[in-house]
Amino acid sequence: MDPSGAILLLLAHLSEQGLTRPAFGEEIVVTASRVEQRVGEVPAHVTVLDREDVERSPARTLDDLLRQVPGFSLFRRSGSVVAHPTTQGVSLRGIGPSGGSRTLVLVDGVPLNDPFGGWVAWSRVPLASVDRVEVVRGGGANLWGSSALGGVIQVLTASPEERGLRAMAEAGNRGTMSGAVVAGHRTDRVGVSVSASAFDTDGYEVVRRDQRGEIDIPASSENRVLSGKLEVPGARSLFTLSAGLFTEERGNDTPLTENGTDAGSVAASAAFQTGIGDWQVSAFSRRQTFRSTFSAQAPDRSSELPSLDQYDVSADETGAGVQWSQKVSERHLRTAGADVRQVQGENREDFRFVEGRFTSRRAAGGEQRLSGLWLQEIFAPSPAWQVTAGGRLDLWQSFGSFRRERSLETGAPLREETFADRESLAFHPRLGVLYLASGRLSVRGSVYRAFRAPTLNEQLRPFRVRNDITEANAALRPERLLGGEAGLDLRGGSSSFGITGFWNRVEDSIANVTVGEGPGTVSPCGFVPAGGVCRQRRNLGASRVRGVEVEARHRPRPFWEVTASYLWSDARIRDRRLAQVPENQAVLEIGYDRPGRIGAGLQGRYVGSQFEDDLNTLRLASFFVLDLSVSREIRPGWEVFLGAENLLGETYEVGKTAEGLVTVGAPALARLGLRVRPQRAALP
């Protein structure tokens, strides 16, 4: 959880030590093993999206940008612009998608995953501020601790530039408008940058056209983001301070359903060199509040009634870490560290709507502490071989958890529960081997263990989606993963190719398990309406996820680039497929970029069929969408661009309820904008 700004000073230092070897077209990666390594030196499958990839993509949000990465998926297929925030949990390689992420998302080293529920507020990271995104798949990223079960996504924002300015403004159909400014200034003594963005859209109807009723309206969204960064370099040190604010309001497709989020964060880090090695020290704190309303809707969607008012879901998280690195010999780097995170959260809500008012109130909350120690050795027994060995010791503690319910009419208690304090201690080793067969070909393999602690949301907060109810479970145990992978990478000339086979076994996998159907009273949900089901979060037997992922890039001619990726993922528990995991995903992109003139990108994305539910009775059909982006420089540093998503207007399923209601993905969306890039000489 070390902010990336804290290690920028160390990158050149590590490279000078001769630990890594340069190779054609390799980017720097800082997240794979918590030390800087080139892509070709990491015994794991890594994808890097740079600033050019960001600007060429038609994506409006970070999650849409990441859909071109093989294996990236959200709990539901809908994008973050209109989907409910609690469904935006991220997974890699199909390792059990859920509202609580099984992949750790970092922004400059600070966790972006919601501290209460694990989902990701993708809107908090406007694309205008993104400099690079690094995706490390698999439990080989286990040194980051809980939530990194399926891998790590590290988002690096732009560092302060000398009198640098970046701005963007755009407008599109369906009432969509957005703008962003990133301004910075750097001297020999200090660097400062400020980023601000705003986004508004009227959205679109999410229920399939033939099923819409009088209550169906577009799912709207608006957000504001403000952040700043301060860097103070020294002769052998670098201090970084960053802070951010975020606010968002959403309409959730019917008049009585909406949600909002307010969040703030601050982080500080210091990197320095001493006679016994290189050090990084970091700390962060963040606080956020979330609110959301839900409704019970008539079968013909002609009317709705309030069903749940989550008026305050608040969470506070603090964390700190220290990391030490030392070159033991010319071919041996040792790193070690410790980190701790503490989360305190509480959910307050009104429920049981009777005769025009809510009659019951619920409060549930608790605390979690995640502590870890880790050690890693990277050594090269010969110029062609590199071995990475390490492990992490994790302590998960859950304490102070409670759930209380009372009558709003009489004040009488309806439920009083105090849950026992719990803790779990586990060691998670990793071994990776890389063989540099030639200057272009490398072969890699690794085995590892990893874990994910249940979130406070999974333990304590029930929720409802239309007439389907899901109950919490305070007795959930942490998930544990045993896995391995092997692959090869070929780089050189104008092409690169990588293929990886992987196998994972997730023990005590947490899933929403169907326990009964309505109408009537079903334990533990209480009354379930007609057509609805009762589910509860439970630890299941071991799930197995195996598959193959392929990624290739080729430049057939100057200015042209073709990128292709494919994932086959067979994710099962017993004889059933894991819910929300497609078996096949593929992306093909053709790009043209002639600096100073025109740039264009055409991207096709295929997602195979998947199941909505754990019983494998609700199948979501496969789909294919086509996206387009075109840009033209009109003067040095000034560029107009056009973006179009779902160019062919494909109607595709993103969700399905037990009563047969189908929600759909984004229709054809287009926008036109102006982008200003840094042009230092042109600024006064």
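Rules and cut-offs
- Residues numbered from 1 in each chain as written.
- Predicted model: local features only at pLDDT ≥ 70, side-chain atom pairs only at ≥ 80, totals over all residues.
- Heavy atoms only, no water.
- Helix = DSSP H or I, 4+ residues; strand = E, 2+ residues; numbered from the N terminus.
- Rg over C-alpha atoms; globule rule 2.2 N^0.38 Å.
- Buried < 20%, exposed > 50% of the residue type's maximum accessible area, 1.4 Å probe, protein only.
- Contact = heavy atoms within 4.5 Å.
- Areas by Shrake-Rupley, 256 points an atom, 1.4 Å probe, with all protein chains shown as cover.
- Phe/Tyr/Trp six-rings, centres within 6.5 Å; stacked < 30°, edge-to-face > 60°.
- Lys NZ or Arg CZ within 6 Å of the ring centre and 35° of its normal.
- Salt bridge = Lys/Arg side-chain N within 4 Å of Asp/Glu carboxyl O.
- Pairing = 2+ DSSP bridges.
- Disulfide = S-S within 2.5 Å.
- 1 Å grid on protein atoms, 1.4 Å probe; cavity = no way out; pocket = protein on both sides within 12 Å on 5 of 7 lines; lining within 4 Å.
- Points joined across faces, edges and corners; volume = space filled by probe spheres on them.
- Nonpolar A, V, L, I, M, F, W, Y, C, P; charged D, E, K, R; others polar.
- pLDDT = per-residue confidence, 0-100.
- Axes fitted to C-alpha atoms, helices over the stretch in contact; angles between N-to-C directions.

What follows deals with the overall build of the protein. Scanning the protein from terminus to terminus reveals four helices and 43 strands. Whereas a compact globule of 684 residues would reach a radius of gyration of roughly 26 Å, the protein reaches 25 Å, a difference of no more than 12%. Along the first, second and third principal axes, the C-alpha set of the protein runs to 75 × 55 × 50 Å. In the protein, which comprises 684 residues, the share counted as buried stands at 59%. Partitioning the intrachain contacts of the protein with sequence separation of at least 6 by distance along the chain shows that 65% fall at a separation of at least 24. Of the accessible surface of the protein, which amounts to about 26200 Å², a share of 57% is contributed by carbon and sulfur atoms.

So, about the packing of aromatic side chains. All told, the structure shown has seven aromatic pairs when counted by the stated rule. Arranged with centres 5.8 Å apart and planes meeting at 75°, the rings of F72 and W122 form a pair that is edge-to-face. Here F72, found in strand 4 (residues 72-74), pairs with W122, found in the loop between strand 7 (110-111) and strand 8 (130-137); they are 50 residues apart in sequence, far enough to count as distant. A ring pair is formed by W119 and F290, whose centres lie 6.3 Å apart and whose planes are at 55°; its orientation type is tilted. Linking W119 in the loop between strand 7 and strand 8 with F290 in strand 16 (residues 277-297), this pair joins segments that are 171 residues apart in sequence. The exposure classification of W119 matches that of F290, with both residues buried. An aromatic cluster is built from F559, W560 and Y592, whose rings are joined through pairwise contacts. The ring of F351 carries R362 above its face, with NZ or CZ at 4.0 Å from the centroid. Against the face of F641 rests R675, its NZ or CZ located 4.3 Å from the ring centre.

Another point: the pattern of salt bridges. All told, the structure shown has 53 salt bridges when counted by the stated rule. For the salt bridge of R56 with E561, the shortest nitrogen-to-oxygen distance reads 3.2 Å. With R56 in helix 2 (residues 51-56) and E561 in strand 33 (residues 560-573), this pair connects stretches of sequence that are 505 residues apart. Look at R56 and you get buried, because its relative accessible area is 16%.

The next subject is the sheet that holds strand 9 (residues 151-157). Sheet architecture is open: five strands sit in the order 3-8-9-6-7, paired in mixed fashion. In the strand order of this sheet, the two ends are held by strand 3 (46-50) and strand 7, each with one partner. The pairing of strand 8 with strand 9 spans seven bridges and is classified as antiparallel. Within strand 9, the position partnered with E134 by the bridge is Q154.

This part takes up the side chain of S314. Of note, S314 is situated in strand 17 (residues 304-329). Once residues within four sequence positions are removed from consideration, S314 is found in contact with F116, R287, Q288, T289, Q344, G345, E346 and R348.

Summed over all chains, the structure comprises one disulfide. With a sulfur-sulfur separation of 2.0 Å, C525 is cross-linked through a disulfide to C534. A torsion of 80° about the S-S bond marks the disulfide between C525 and C534 as right-handed. Note on C525: relative accessible area 14%, which makes it buried.

With that settled, the discussion passes to empty space enclosed by the protein. In total, this model carries 18 cavities of 30 Å³ or more according to the counting rule given. Volume-wise, the largest cavity comes out at about 520 Å³. Along its surface, the largest cavity is lined by 30 residues, and V107, D108, S227, A243 and G244 are the ones closest to its centre. Elements with a minimum of two residues in the lining of the largest cavity: strand 7, strand 12 (191-204), strand 13 (219-233), strand 14 (237-251) and strand 15 (258-274). Here the lining of the largest cavity is composed, by residue class, of 17 nonpolar, nine polar and four charged. Lining the second largest cavity are 29 residues, and of these R60, P126, L127, A128 and M168 lie nearest its centre.

What follows is about the confidence of the model for the protein. Averaged over all residues, the pLDDT of the protein is 88; the fraction at 70 or higher stands at 93%. A low-confidence stretch, residues 1-25 stays under pLDDT 50, and its non-local contacts, those more than four residues away or across chains, total 83 contacts. In this model residues 680-684 is a low-confidence stretch, pLDDT under 50, and it forms six contacts with partners more than four residues away in sequence or in other chains.

Strand order in the open sheet made by the four strands is 24-25-31-28, with mixed pairing throughout. One side of each edge strand has no neighbouring strand; the edge strands of this open sheet are strand 24 (463-465) and strand 28 (510-517). Across the sheet, the mean angle separating the axes of adjacent strands is 25° when strand polarity is ignored. Sheet topology places strand 28 next to strand 31 (residues 533-539); seven bridges connect them, and they run antiparallel. By the bridge assignment for strand 31, N512 is matched with R537.

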